[in-house]
Structure formats: structure tokens, C-alpha cells
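# Coordinate inspection notes
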Amino acid sequence: MKGTHLGEFEELVLLTVGILSDDAYGLGITDELEKQTGRNVTISAVHKSLVRLEEKGYLKSHMGGATESRGGRAKKLYVLTGSGQAALKHTKELRNNMWQQIPNVVWDKGTL
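Presented here is an overview of the structure given in this document.

The rules behind these values
The residue count restarts for each chain, going from 1 along the sequence in the order it is written. With the structure being a predicted model, the display of local features is reserved for residues of pLDDT at least 70 and the display and counting of side-chain atom pairs for 80 or more, all residues being used for whole-chain, interface and lining totals. Side-chain numbers here rest on the full set of heavy atoms in the structure, without hydrogens or water. Every helix listed is a DSSP run of H or I at least four residues long, and every strand listed is a run of E at least two residues long, numbered separately from the N terminus. For a helix, the expected span equals 1.5 Å multiplied by the number of residues minus one. Only protein chains enter the area calculation, which uses a 1.4 Å probe; residues under 20% of their type maximum are buried, those over 50% are exposed, and those in between are partly exposed. By definition, the arc is the one covered by directions from the helix axis to the C-beta atoms. Two residues form a contact once any of their heavy atoms are found within 4.5 Å. Each axis is a line fitted through C-alpha atoms, and for a helix only the stretch in contact is used; angles between axes span 0 to 180 degrees, taken between their N-to-C directions. Here the word oblique covers every angle except those under 35 degrees (roughly parallel), over 145 (roughly antiparallel) and from 65 to 115 (roughly perpendicular). Any residue outside Ala, Val, Leu, Ile, Met, Phe, Trp, Tyr, Cys, Pro, Asp, Glu, Lys and Arg is labelled polar, Gly included; the first ten of those are nonpolar and the last four are charged.

The end-to-end C-alpha distance of helix α3 (residues 43-55) is 18 Å, a good match for the 18 Å that 13 residues give at a rise of 1.5 Å each. Of all the positions in α3, only Val 46, Ser 49, Leu 50 and Leu 53 are classed as buried. What you see down the axis of α3 is that its buried residues fit within an arc of 105°, all on one side. As for α3, its buried residues are in contact with α1 (8-20), α2 (26-37), β1 (59-66) and β2 (74-80).

Right under this line is the structure:
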């Protein structure tokens, strides 16, 4: 298993796999990421993240059935592993904890 650090884009990809649940595949993840974030996302960036996340043990993949709409090609589907769920929960807790530590005076200044 590779390192356990979760980068920002990797976090977004993991969250998107969780959102799409049983239908998380490369193009679907890319489209959902663009919809959720408003960013332009390339399929190659998503694929690179999927490979890294699978190497880290946060995702696992399997081939879905071939469909006529895809010209008989099967989709490679991704699901969160227990480690992936734990990584997301840890990241959420870390972020929430840090947000709560920002003093109110920072918000009152209106600089954020």
C-alpha cells in the first residue's frame, strides 16, 4: 500500500465515488465532479487519481457488464473500501476541527 496522505483532488474523487455508489466509473466520476465543483476536470486526471487511490487501498474496482450503449464495452466500476471510508471520515474530522479553531475575530474582519 502507498502512503495514506489524501490530497484535495483525491478526496473529491473519493467523495464522488461514494455519491455515485454502485455506478462509479471513470466518465461518470468526471461528469459528477464537474457538476459538484464547477471545475473543468479531465478524464486522465480522474484515472490517475483512481489508480493512486486503489494503490492506497481506498478503492477497489471490478468490471461491470458490457452494455449495448457502450458498444459492448464493460465499465470499470469503483467502490469505497473500509480504509477509504475511514480516510474520508478522518479528513472530515480534521477539517471540521480546524474550522472550529478559527477565532470569530477572523470572520468579523470580513477578510475570508
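Turning to the packing of α1 against α3, a few remarks are in order. It is at 10 Å that the axes of α1 and α3 come closest, and there the two elements cross at 85°. Taken as axis vectors, α1 and α3 run roughly perpendicular relative to one another. Residues Phe 9, Glu 10, Val 13, Leu 14 and Val 17 of α1 lie in contact with α3, whose contacting residues are Ala 45, Val 46, Ser 49, Leu 50, Arg 52 and Leu 53. Along the lines of polarity and charge, the residues of the contact of α1 with α3 split into eight nonpolar, one polar and two charged.

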